[in-house]
Amino acid sequence: MSTAIAWIEGQWGTAASLQLPLDDRALLLADGLFETVLIRNGAPQLLQEHLQRWSESAALLGMDPPPQRNALEPLIEDAIQRSQLSEADGVLRLNWSRGSSPQRGIGLPGPGHHRFWLTLQACTPTFSAVTTITSRHERRNASSRLSRCKTFAYGQSIQARREAQDQGADDALLLNTAGALCCGTAANLLVRRRGQWLTPPLSSGCLPGVMRGRALTRGIAVETELAAAFDADDQAVLINSLSCRPIASHDGKPMAATTTAVDLWQSLLH
C-alpha cells in the first residue's frame, strides 16, 4: 500500500483525497486529540489502552467523549481489509477534533460539534539507534494539562527535532520546566541504571505513553525524577507504540550500549 487509506463522515478514500472543513478547530487551533495504534497480523494492538487514554484526555480537556470501541471496531476492520494490511504492519491514527466552530476565535463552541476521522497506512516498527541532544530552546510544561494529552499541537516537538538535526543529531530530549529529564520529541524515555529501568513520573510533564504504562504495570520500570545529566553507565531508549530506539550518544558523549530494545518492546506488546 503506497498511500494512506482514510475515513471521515461516512466516506472512504485516501488521506490526500478526503477533505477536512477549513473551519475545523483542528486546523485553526490544533484543538483536538489523536492516537496512533499499531496494526499487526490484521489486528490493532493495545487498542483498549489507547482508547482509555483518548477518553481520559478528552474529559481532561473538556471535550465530548470520543467514539467508543463498539463503534470503532467495524470501521477499523473495514480499514484493514481495504488497505490489505492483514499480513503486514501498519499504523492506525484515530483523530478527534472539537470540530467546526460557528464563531471565530478561541471561544469554546457548545457540545455536539466534534469531528472524528481515521487514517491507516503501512508502517514498520523501528529499533535503530539514535543520537540525541538536550534541547536548549524547548521545555515540557510540567503543570500543563496539555502535557498529559496526545494533542494535535506538535510544534514544540518539531522545533526540538529541528534543533537536534541542525546539530547533526537525530532527536532531542526535553527537560521539563524544573530542569529534569522528561521525554523525547515523540517518545517516552526509559533509562537503565544499575540493572533497573527508570522513567520520569507523570508529574514531570511527560505523556502517559501506552508502552510506558505497561512497563510500569508489569514492574519492568519504576518512576523516578531524573537529573538533566546521565550517569556514566546509563543505558537509555526512546519508546512508543511504534518504536524502541536505543540512545547511542547524548550531547556528543557515547552512551552505554543496550541490545535489549527489541525484546523490551515486544515483551510490552504482548
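Residues numbered from 1 in each chain as written. Predicted model: local features only at pLDDT ≥ 70, side-chain atom pairs only at ≥ 80, totals over all residues. Heavy atoms only, no water.

> Is there a simple way to explain the packing of helix H2 (residues 47–60) against helix H3 (residues 69–83) in this structure?
Each packed pair of helices is defined by two parameters, the angle between the axes and the distance between the axes. At a closest axis distance of 12 Å, the pairing of H2 and H3 adopts a crossing angle of 125°. Classified by the angle their axes make, H2 and H3 are oblique. Crossing handedness for the pair H2 and H3: right-handed. Between H2 and H3, the residues in contact are Leu47, Gln48, Leu51 and Trp54 and Arg69, Leu72, Glu73 and Ile76, respectively. Split by residue class, the contact of H2 with H3 holds 5 nonpolar, 1 polar and 2 charged. (Axes fitted to C-alpha atoms, helices over the stretch in contact; angles between N-to-C directions. Helix = DSSP H or I, 4+ residues; strand = E, 2+ residues; numbered from the N terminus. Parallel < 35°, antiparallel > 145°, perpendicular 65-115°, else oblique. Left-handed = near helix turned anticlockwise from the far one by under 90°. Contact = heavy atoms within 4.5 Å. Nonpolar A, V, L, I, M, F, W, Y, C, P; charged D, E, K, R; others polar.)

> Whenever I open this one, the nonpolar core confuses me. Can you help?
Across soluble globular proteins, nonpolar side chains have a tendency to be buried as a group. Counting residues in hydrophobic clusters, the biggest one holds 24 residues, and the most contacted among them are Trp54, Leu92, Leu94, Phe116, Leu118 and Leu120. Tallying contributions element by element places H3 first for this core, with 5 residues. When neighbours within four sequence positions are excluded, leucine 118 is seen to be in contact with Ile5, Ala6, Trp7, Trp12, Leu75, Ala79, Leu92, Arg93, Leu94 and Asn95. Within the second largest apolar cluster, 19 residues are counted, among which are Leu38, Leu190, Cys244 and Leu264. (Core = buried A, V, L, I, M, F, W, Y, C linked by side-chain atoms within 4.5 Å. Buried < 20%, exposed > 50% of the residue type's maximum accessible area, 1.4 Å probe, protein only.)

> Got a minute to help me understand the packing of aromatic side chains in this structure?
Two aromatic rings, taken as a pair, are described by how far apart their centres are and by the angle between their planes. Under the defined criterion, the tally for this structure stands at 6 aromatic pairs. Ring geometry for tryptophan 7 versus phenylalanine 116: centroids 5.8 Å apart, planes at 45°, classification tilted. Of this pair, tryptophan 7 sits in strand S1 (residues 5–8) while phenylalanine 116 sits in strand S6 (residues 115–122), and the two are 109 residues apart along the sequence. For tryptophan 7, a relative accessible area of 15% gives the class buried. With centroids separated by 5.1 Å and ring planes inclined at 70°, the aromatic side chains of phenylalanine 127 and tryptophan 265 adopt a geometry described as edge-to-face. (Phe/Tyr/Trp six-rings, centres within 6.5 Å; stacked < 30°, edge-to-face > 60°.)

> What exactly am I supposed to notice about the packing of helix H5 (residues 210–217) against helix H6 (residues 261–269) here?
Taken N-terminus to C-terminus, the directions of H5 and H6 make an angle of 85°; their axes are 9 Å apart at the nearest point. When the interaxial angle is binned, H5 and H6 end up roughly perpendicular. Contacts between H5 and H6 involve Met211, Arg214 and Ala215 from the former and Trp265, Leu268 and Leu269 from the latter. Classifying every residue of the contact of H5 with H6 gives 5 nonpolar, no polar and 1 charged.

Function cannot be read off these values alone, since they describe shape.
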